Amino acid sequence: MGVNVQMDLLDFLTKEELIRFFHCKKTEMSCMEEPNIFLHQLRDHNLVPEKLYKTVVKMRCKEKRKDGVYQILDWLEKERSDSVHLFWTCVFKDHILQKYPVLRLLRNSLMDGSFRVYENLPDPVDQTERESEPIQIEETTAKEKKKGTKRKKSAEETEEDEQPGPSCPSTPKQKKSAKKLVFSTPKKGDKGDIWTYALFKTHLPVTCGDKEGTLYRDKLTKGGKCILSNGRWFTPASFESFAGKGKWKNWKVSIRCQKTPLQKLIKDGHLHSPLKKRRCVKESPKVLFPVSSSESSSPLSESSVEVEHSGEDVLDEQIEEEEDESGEEEEDDEAEEGEIGPVDPSLFQTPSLPVNCGSVSGVLYKCRFASGSRSKSIRTEERWFTPEEFVKQELTLIDGHWKKDIQCHGKTLNYLLKKKILSIHSLLCKCSLCISKDQDQHQDNDDVCFICNTEGDLLCCDECPRAFHNHCHLPAVEDDSLGEKWVCTFCVLKTNQGWWQPTQMTKEEVLGSSISQYILHCEYLLLCMYKDDIEHVFTGDPTETISGYSRVIPNPMWLDRVKTKLQNKQYKTLGQFVSDVRLIFHNCHMFNKDPHRTTTEQSNDVFDKLGSRLEEVFEKEFQTIFDIH
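Residues numbered from 1 in each chain as written. Predicted model: local features only at pLDDT ≥ 70, side-chain atom pairs only at ≥ 80, totals over all residues. Heavy atoms only, no water.

### With respect to the overall build of the protein
What counts here: Helix and strand assignments come from DSSP, with helices taken as H or I runs of at least 4 residues and strands as E runs of at least 2, each series counted from the N terminus. Three exposure classes are used, based on accessible area relative to the maximum for each residue type with a 1.4 Å probe and protein chains only: buried under 20%, partly exposed in between, and exposed over 50%. Here the open area of atoms and residues is found with the Shrake-Rupley method and a 1.4 Å probe, where only the protein chains shown may cover a residue.
The helix and strand inventory of the protein stands at 29 helices and 14 strands. A buried classification covers 36% of the 629 residues belonging to the protein. Carbon and sulfur atoms provide 52% of the accessible area of the protein, an area that totals close to 39,500 Å².

### Focus on the packing of aromatic side chains
Formally: Between rings of Phe, Tyr and Trp, where Trp is taken as its six-membered ring, a pair exists when centres lie within 6.5 Å; planes separated by under 30 degrees are stacked, by over 60 edge-to-face, and by other angles tilted. Whether a charge sits over a ring depends on NZ of Lys or CZ of Arg being within 6 Å of the ring centre and within 35 degrees of the ring normal.
Within the structure shown, the criterion is met by 25 aromatic pairs. With 6.3 Å between their ring centres and 80° between their planes, Phe 38 and Tyr 100 make a pair best called edge-to-face. You can see Phe 38 sitting in helix α3 (residues 36–44) and its partner Tyr 100 sitting in the loop between α7 (94–99) and α8 (101–112), a full 62 residues away along the chain. Tyr 100 matches Phe 38 in its accessibility class, with the two residues each being buried. An angle of 75° between the planes, with centres 5.3 Å apart, marks the rings of Tyr 518 and Phe 626 as edge-to-face. Pair noted here: Tyr 518 is in the loop between α24 (507–511) and α25 (519–532) and Phe 626 is in the segment after α29 (605–625), with a separation of 108 residues, a long-range link. According to the relative accessible area criterion, Tyr 518 is buried, its value standing at 5%. One aromatic cluster is present, formed by Phe 21, Phe 22, Phe 38, Phe 87, Trp 88, Phe 92 and Tyr 100 through successive ring pairs. We note Lys 219 situated over the ring of Trp 233; from NZ or CZ to the ring centre the distance is 5.2 Å.

### Side note on the nonpolar core
Heads up, the rule is: Definition of nonpolar core: a set of buried residues of the types Ala, Val, Leu, Ile, Met, Phe, Trp, Tyr and Cys, connected through side-chain atoms within 4.5 Å. Contact definition: two residues touch when any of their heavy atoms are within 4.5 Å.
Grouped together as the largest cluster of nonpolar side chains are 49 residues, with contacts concentrated most on Leu 526 and Phe 577. Among the secondary structure elements, those contributing two or more residues to this core are α23 (489–500), α25, α27 (559–567), α28 (574–592) and α29. With 9 residues, the single largest contributor to this core is α25. Beyond its immediate chain neighbours, meaning those up to four positions away, Phe 577 contacts Ile 515, Cys 522, Leu 525, Leu 526, Val 562 and Tyr 571. Counting 31 residues, the second-largest nonpolar core is a separate cluster that includes Leu 18, Tyr 53, Leu 76 and Ile 96.

### What about the pattern of salt bridges?
As a reminder of what qualifies: Salt bridge criterion: a side-chain nitrogen from Lys or Arg within 4 Å of a carboxyl oxygen from Asp or Glu.
Using the criterion set out here, one finds 17 salt bridges in the structure. Where Glu 50 meets Lys 54, a salt bridge forms, and the shortest distance between an N and an O atom there is 4.0 Å. Taken together, the residues span about one helical turn, with Glu 50 and Lys 54 both in helix α4 (residues 50–57) at a distance of 4 residues. Judged by its relative accessible area of 33%, Glu 50 is partly exposed. Across the salt bridge formed by Arg 582 and Glu 619, the nearest N and O atoms sit 2.9 Å from each other. Of this pair, Arg 582 sits in helix α28 while Glu 619 is found in helix α29, placing the two residues 37 residues apart along the sequence. The partly exposed category is assigned to Arg 582, whose relative accessible area is 26%. Salt bridges here are not isolated pairs; linked through shared partners, they connect Lys 26, Asp 74, Glu 77 and Lys 78.

### Some details on the pairing of strand β8 (residues 360–365)
Here is the key point about a regular strand: its side chains alternate between the two faces of the sheet. Stated precisely, the cut-off is as follows: In short, DSSP must find at least two bridges between two strands for them to pair.
Residues of β8 alternate between two faces, with Val 360, Gly 362 and Leu 364 buried on one and Ser 361, Val 363 and Tyr 365 left unburied on the opposite face. Of the pairings in the sheet, the one linking strand β7 (residues 352–357) to β8 comprises 6 bridges and is antiparallel in character. Residue Cys 357 lies in a different strand from β8, and its bridge partner there is Val 360. If you look at the hairpin formed by β7 and β8, you'll find 2 residues sitting between the two strands, and Gly 358 has a positive phi there, around 65°. Bridging between β8 and strand β9 (residues 378–379) involves 2 bridges; their strand directions are antiparallel. Looking across to β9, one finds that Val 363 is bridged to Arg 379.

### A short note on the packing of helix α1 (residues 15–24) against helix α6 (residues 84–91)
When two helices pack together, their arrangement is given by the angle between their axes and by how far apart the axes lie. Worth spelling out the cut-off: Axis definition: a line fitted to C-alpha atoms, over the contacting stretch in the case of helices. Angles run 0 to 180 degrees between N-to-C directions. Two helices crossing with the near one rotated counterclockwise from the far one by less than a right angle form a left-handed crossing, whereas a clockwise rotation gives a right-handed crossing. Under the scheme applied here, ten amino acids are nonpolar (Ala, Val, Leu, Ile, Met, Phe, Trp, Tyr, Cys and Pro), four are charged (Asp, Glu, Lys and Arg), and all others, including Gly, are polar.
Remark: α1 packs on α6, axes separated minimally by 9 Å, with the N-to-C direction vectors making an angle of 65°. You can see that α1 and α6 cross each other, and the crossing is left-handed. Contact residues: α1 offers Lys 15, Leu 18, Ile 19, Phe 21 and Phe 22, while α6 offers Val 84, His 85, Phe 87 and Trp 88. Of the residues belonging to the contact of α1 with α6, the class tally is 7 nonpolar, 1 polar and 1 charged.

### A few points about α25
Put simply, the rule reads: Residue count minus one, scaled by 1.5 Å, sets the expected span of a helix.
Given a rise of 1.5 Å per residue, 14 residues ought to cover 20 Å, and the 20 Å separating the end C-alpha atoms of α25 matches this to within 8%. For α25, the buried fraction is high: 11 of the 14 residues fall into the buried class. Inspection of α25 places Leu 520, His 521, Cys 522, Glu 523, Tyr 524, Leu 525, Leu 526, Leu 527, Cys 528, Met 529 and Tyr 530 among the buried residues, and these make up the whole buried set.

### A short note on α3
The criterion, for reference: By construction, the arc corresponds to the directions joining the helix axis to the C-beta atoms.
Among all positions of α3, only Phe 38, Leu 39, Gln 41 and Leu 42 are buried. When α3 is viewed along its axis, its buried side chains cluster within an angular range of 155° and face the same direction. Asn 46 sits one or two positions beyond α3 and adopts a positive phi of about 55°.

### Focus on the side chain of Ser 254
Filter applied, for reference: Contacts described as polar in this section are N or O atom pairs within 3.5 Å, which, within protein, must combine one atom able to donate a hydrogen with one able to accept it, while residues neighboring in sequence count only if both atoms come from side chains.
Mapped onto the elements, Ser 254 comes out in helix α13 (residues 251–254). The class of Ser 254 is buried, set by a relative accessible area of 4%. A polar side-chain atom of Ser 254 sits 2.7 Å from a polar atom in the side chain of Glu 240.

### Remarks on the confidence of the model for the protein
To keep things clear, this is the line we draw: Each residue carries a pLDDT value, the predictor's own confidence for that position, ranging from 0 to 100.
Per-residue confidence for the protein gives a mean pLDDT of 75; residues scoring 70 or more make up 69%. Confidence over residues 127–178 falls short of pLDDT 50; this stretch has 23 contacts with residues more than four positions distant or in other chains. Taken as a whole, residues 599–603 scores under 50 in pLDDT and shows 7 contacts with residues more than four places along the chain or in a different chain.

### Let's talk about the packing of α25 against α28
Here is the rule we go by: The scheme is simple: roughly parallel for angles under 35 degrees, roughly antiparallel for over 145, roughly perpendicular for 65 to 115, oblique for anything else.
Where α25 contacts α28, the axes come no closer than 11 Å and their chain directions differ by 15°. Here α28 runs roughly parallel to α25, going by the angle between their axes. Considering the relative orientation of α25 and α28, their crossing is right-handed. Between α25 and α28, the residues in contact are Cys 522, Leu 525, Leu 526 and Met 529 and Leu 574, Phe 577, Val 581 and Phe 585, respectively. Along the lines of polarity and charge, the residues of the contact of α25 with α28 split into 8 nonpolar, no polar and no charged.

### Observations concerning the environment of Leu 105
Note that Leu 105 resides in helix α8. Overall, Leu 105 belongs to the partly exposed group, its relative accessible area being 31%. With near-sequence residues (within four places) excluded, Leu 105 lies in contact with Leu 395, Thr 396 and Ile 398.

### Comments concerning unusual backbone geometry
For the peptide bond that leads from Leu 474 to Pro 475, omega is -5°, which places it in the cis range. In this structure, Pro 475 sits in the loop between β14 (467–468) and α23. Positive phi is not limited to glycine here, since Asn 46 has a value of about 55°. Inspection of the secondary structure puts Asn 46 in the loop between α3 and α4. Phi at Asn 453 takes a positive value of approximately 60°, unusual for a residue other than glycine.

Here it is as C-alpha cells:
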C-alpha cells in the first residue's frame, strides 16, 4: 500500500533559483496595495524584525509604506537568505494569494518556468566602500558626542541651530533651506556618482525601462515637462508611461540615473522635486464661541501658528500625492487625445455604456453612477460592482485605478468625467441614490425587470444580479411560496446543468425525450425569447393586432400560447414544444414574404428581421443547454 505524498512546486527549485527570483521581485512585492496582511504573515513565520514590522504597519503615507516593505524584503534577502524557501511557502498560502494578485502572478511564473529569464542577470556592482562611509561618519559623530569634544559645525548645522525653538515667541517656525548642491570634477578612471560631476550640473542622463532620456534639473524643480527623449519633451509621469511602466504610477522609483532611483537622489538632496502648491479654499470659519472685538481684531495667536505648522508635514504628503495623481490624469488625457483621436459623441449618449478593464468586461449604468468609486454602477453576468471592485477583477493588473484603467470605447472614465459624459454627485446631494440608507443592499440587483425592462415591485435573485416581476418569471412566483432565499430559473439551470444532462445526446434523442424532465429547460428558453422580444412582436395573438393575418397564416402561434400549453401540460415530448416555437418563426417569414398581399399589407422587412434574430437566439440556446453539436 503506497503513500500519497503531495509535492510542492518549490521542492523542485534550488535555493539559488529562489533567491535570484526573490531578488528580482522585491520591487513588485513592495508595490502591493494594503500590505499589512502580507506583513502579518511574515511576522507569524518570524521572517521580519519586530521593530521594523511595527514601524512599517504604522505608516500612513503610501510611498513611505512601499519603501518600508522594500526595506523588510531587502533585510530578509541579506540577513535571512537561508529562509527563502519558507518565505515563498508562507506567501503562497491560499488566503494570501486570494488577497494579492501580484503573488498569484509570481507563483504562476515559478510554475510555468518563465522565472528562468532572470538567470542571466549581470553581477551586482560592488559599492561596499562607498556604502560604508556614511556609517563610519555616523559612528565617529556618536563617539565625539559621548566624549564631549567640540567639532566645527557645518554651515547647515549652524543655520539649523539658529532657528528659534517651538517655545520662542519671536517668529513662527520656518522650514530649513534646501541643501546646497556640490559638484566636483571627476578624476581619470573615477567611476563615482555622475550626479555630483560639474559636467552634469544642469542635466542628467536617465532611463526608464528600455527608454533613455535627459532630465533637466531646473525644469524638474519648476514642475512640468523636464525630460527630453527622442526629440520629445515629457513630464516624469508621462515619460514613465512612454517607457511602458505607466501602471507603476511612481516615476520617482521607475526613472533611474545610473540604476539609482530619482527618489534616492531627491532624498539625498542631489535633485529637487517639483514645488508643492497648496490648495486653499477661502471660507469663513465657523464661530463656535463668541469673542470680543479686541480679540477678533488681533493677529493670529502663537498657538494657532504652531498648530498650523505642526500639521505641515502631513499636509505636504497629502498634497504631493494629490498633485502626482492629478498630474498623471492630465497627462493620460493628453495621451488619449493624441493617440486615440476623437470619438463619435453619439456613442456615449445611451443610458448604459460598455466598459472593460483588461479582459474583464461589463456595462456601466449612468443612473447608478452617483457616488463614483463607491456606487455599484457596473454590471456583469455575475453581479454588480463598484468601479473600484471592478478593477480588482482583472488579476493581471497591479495597483490599478478605476479612473485610468476602466475604458469605454477606448476612452478612460477619467476622460468621460472631464467631458461631463459621466458625473459624480456632491456629498451633500439629496437624491434617492445618495441618501438611501440601504443603498448597498438594494444595489446588488437590477433596478428593472430582467424580462420586460420596466420598474415595479421586483423579486430579486440571491445568486445573480437579475430581478423580475412575479408574473414575468417562469415559473410564475407567488409571494406565499417565497422562503428566505430565492433563486431564478437562469441560476437553477446553470447550477444543475451537469446533473440534468450527464451525457451528450443526438438531436433526435433530445426531441424524442419526454418533456416532463425538461420543463425547466423549456421555461428557460421561453424566458430568453421574452427577453429578446423587446417590442413584444411575438408575445400576443397576431390575429388580434394584424389585419389579414388569418387569411395568410392558417395556424397562428405566439409565445403566450406556447407558455399556456406548457403550463397546462399539453406537450408530451420536447419535440412538440420545439415544433410550436419554430412555427412562430415560420409564420413570420411566410407572412412578411407573401407576394399576393395588397399594397397596404406589403411585406415588412423589419418584422422579418426581428423574427430571424429571435430564431437565432432560440436555436443557439437550445443547442447550448442540450449540448447538441
